Amino acid sequence: MSAKQGAPHSTIKLAPRDTIGILGGGQLARMLALAAASYGLKTHIYAPEEDSPAFEVSSTFTCAAYEDELALERFAKSVDVITYEFENVPLATASSVSRFAPLLPEAQALAVTQDRLFEKTRLQDLGLPVAPFLAVETPEQLEQALQTLKMPCILKTRRMGYDGKGQVRVSSREDLQAALNLLAHAPAILEGFIAFNREISVIGARSQEGEFVAYDVCENIHTHHILAQTTVPAQLLETTRQKAIDMAQSIAHSLNYVGILAVEMFVVRTPTGETLIINEMAPRVHNSGHWTLEGAQTSQFEQHIRAICGWPLGSPHLLGDVRMRNLVGDEAKTWESCLSDPYASLHLYGKADIREGRKMGHITWVMPPKSSSKPV
Ligand code: AMP
């Protein structure tokens, strides 16, 4: 599915041998760097962590703080376009580097997505469905918000929350102390609890010309708030599927977005069908899109590179029924048995330390389409 709409971006056009700068050095940057290399492009990774998984697969890297103005300037002057692998890049860093090289997606995508209050408000302003929410900063405001939204609710810090970090579920008065402890550290939003039937995500890409394409909708299962498994296509009514893609597209157009955008949603069954509620969005390649490496004509990593380079988008065509399973923490130790399944595609991120809850790798299976007897 493809549609052109919204303002085109001023065109930035790279050629093979040019260099892409990436802020952040985790597994997403690593897979972006590998995709860039497959197009003959070079990458320069900028990250503060010495053991960044992306350093070992990039042409160049800078290991420095996001506040190191001199290092940022040197980095930005050495590349042709800059992108990022996570939404918590400080806005000051984004603004520093964009004085020397174009930043895509633009910094406004960061400003909106790194604060849950701004993000929810923006979605609401676009007329898109979100869980009922209220901003809370003080114990009195929390009490008031609980009266309004009614338990169960979820208290989430406005900033720096991911994989369930910075969240407390408030189901009864007994959970109040944990919520107050969270609030003592950071401003938050209180969100009504959604009794969803499924969690899905839409991974879409928008080009500099305003063309939007989306992959088949992904169905996600989280364990302890961390993505455990993605299957594609999601089990949805056709109307729900189209609505989910339309919503992601309208977000991308409204942000004059360039690159891969991920939008996570809840599906709630109703007596007459299904409704959608947007949970959150990510201005970057996304874990629920890792299956596209083997399961789609163009991977999300290639697609992002194409978009920021000013190249035509590739086909998001689905190549079979797909299952992707994350290897989290100790699960990475099963790598050898994964290899003994000839149809499992194993990806390990090269992280030395196995820690609980740490994403170490993933496995993808692409099952043959019903008409074929062989894996694709
Ligand atoms: P988040 O960090 O906002 O993506 O939340 C992590 C996970 O918590 C989601 O994938 C859901 O499984 C769950 N969750 C978050 N917000 C809600 C909500 N308002 N109602 C029910 N479950 C939620």
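Residues numbered from 1 in each chain as written. Predicted model: local features only at pLDDT ≥ 70, side-chain atom pairs only at ≥ 80, totals over all residues. Heavy atoms only, no water.

Draft legend 1. Representation of the sheet that holds strand β3 (residues 42-47) within the structure. Pairing is parallel in the open sheet, where 4 strands are placed in the order β4-β3-β2-β5. Two strands close off the open sheet at either side, each with one partner strand: β4 (60-63) and β5 (81-84). Ignoring strand direction, the axes of neighbouring strands in this sheet form an average angle of 20°. Sheet topology places strand β2 (residues 19-23) next to β5; 4 bridges connect them, and they run parallel. Residue pairing across strands places isoleucine 20 opposite valine 81, the latter belonging to β5. Helix-sheet contacts for helix α2 (residues 69-77) involve β2, β3, β4 and β5, and the interaxial angle to β3 is about 165°. (Pairing = 2+ DSSP bridges. Helix = DSSP H or I, 4+ residues; strand = E, 2+ residues; numbered from the N terminus. Axes fitted to C-alpha atoms, helices over the stretch in contact; angles between N-to-C directions. Contact = heavy atoms within 4.5 Å.)

Draft legend 2. The site of the ligand, seen in detail. Taken together, 15 residues lie near the ligand, and Lys156, Gln167, Glu191, Glu199 and Glu280 sit nearest. Between glutamate 191 and the ligand, the recorded distance is 2.8 Å, taken from a side-chain N or O atom to a nitrogen atom. A distance of 3.0 Å separates a nitrogen atom of the ligand from a polar backbone atom of glycine 192. Starting from 470 Å² of accessible surface for the ligand in isolation, the protein chains cover 94%. If you list the elements that add at least two residues to the shell around the ligand, you get β7 (153-157), β9 (188-192) and β15 (273-282). Among the residues forming the shell around the ligand, the class breakdown is 5 nonpolar, 5 polar and 5 charged. (Near = heavy atom within 4 Å. Polar contact = N/O pair within 3.5 Å; in protein donor to acceptor, adjacent residues only side chain to side chain. Areas by Shrake-Rupley, 256 points an atom, 1.4 Å probe, with all protein chains shown as cover. Nonpolar A, V, L, I, M, F, W, Y, C, P; charged D, E, K, R; others polar.)

Draft legend 3. Local environment of the pairing of β15. Taking burial as the measure, the 10 residues of β15 include 8 buried ones, the bulk of the element. Here 9 bridges tie strand β14 (residues 259-270) to β15, and the two strands are oriented antiparallel to one another. Residue pairing for β15: valine 268 is matched across the bridge by threonine 275. A loop of 2 residues connects β14 with β15, the two strands running antiparallel in sequence. (Buried < 20%, exposed > 50% of the residue type's maximum accessible area, 1.4 Å probe, protein only.)

Draft legend 4. A look at the sheet that holds β7. One open sheet accounts for 4 strands, arranged β6-β9-β7-β8; its pairing is antiparallel. At either end of the open sheet lies a strand with only one pairing partner, and these are β6 (133-136) and β8 (167-170). Taken over all neighbouring pairs, the strand axes of this sheet differ in orientation by 20° on average, direction set aside. Relative to β9, β7 is paired through 5 bridges, and the arrangement is antiparallel. Its bridge partner lying in β9, cysteine 153 is registered against glycine 192. Sheet contacts for helix α5 (residues 116-125): β6, β7, β8 and β9; angle to β6, the most-contacted strand, approximately 150°. On top of the sheet, helix α6 (residues 139-149) reaches β6, β7, β8 and β9; it is set at about 170° to β6, its chief contact.

Draft legend 5. Examining a nonpolar patch on the surface more closely. A surface patch of nonpolar side chains, about 280 Å² in accessible area, is lined by Trp335, Leu339 and Leu348. The partly exposed category is assigned to tryptophan 335, whose relative accessible area is 37%. (Patch = residues over 30% accessible without salt bridge, like charges linked within 9 Å, V, L, I, M, F, W, Y side chains within 5 Å. Salt bridge = Lys/Arg side-chain N within 4 Å of Asp/Glu carboxyl O.)

Draft legend 6. Up close: the nonpolar core. Within the largest apolar cluster, 91 residues are counted, with the highest numbers of intra-cluster contacts made by Ile20 and Leu23. Element by element, the count of residues in this core is highest for helix α1 (residues 27-38), at 7 residues. Core analysis: the next-biggest nonpolar cluster, separate from the first, contains 15 residues, Ala145, Leu146, Val168 and Val170 among them. (Core = buried A, V, L, I, M, F, W, Y, C linked by side-chain atoms within 4.5 Å.)

Draft legend 7. Molecular detail of the packing of aromatic side chains. This structure, assessed with the given rule, holds 7 aromatic pairs. Judged by centre distance (4.0 Å) and plane angle (15°), the rings of phenylalanine 55 and phenylalanine 61 are stacked. Phenylalanine 55 sits in the buried class, given a relative accessible area of 6%. With a centroid separation of 5.9 Å and an interplanar angle of 40°, the aromatic rings of tyrosine 66 and phenylalanine 86 are classed as tilted. Of this pair, tyrosine 66 sits in the loop between β4 and α2 while phenylalanine 86 is found in the loop between β5 and α3 (91-97), placing the two residues 20 residues apart along the sequence. Chaining the aromatic ring pairs together yields one cluster made of Tyr46, Tyr66, Phe75 and Phe86. The ring of phenylalanine 118 is capped by arginine 158, whose NZ or CZ atom sits 5.4 Å from the centre of that ring. One cation-aromatic arrangement involves arginine 323 over tryptophan 365; the distance from NZ or CZ to the ring centre is 4.3 Å. (Phe/Tyr/Trp six-rings, centres within 6.5 Å; stacked < 30°, edge-to-face > 60°. Lys NZ or Arg CZ within 6 Å of the ring centre and 35° of its normal.)

None of the figures reported here should be taken as evidence of function without further support.
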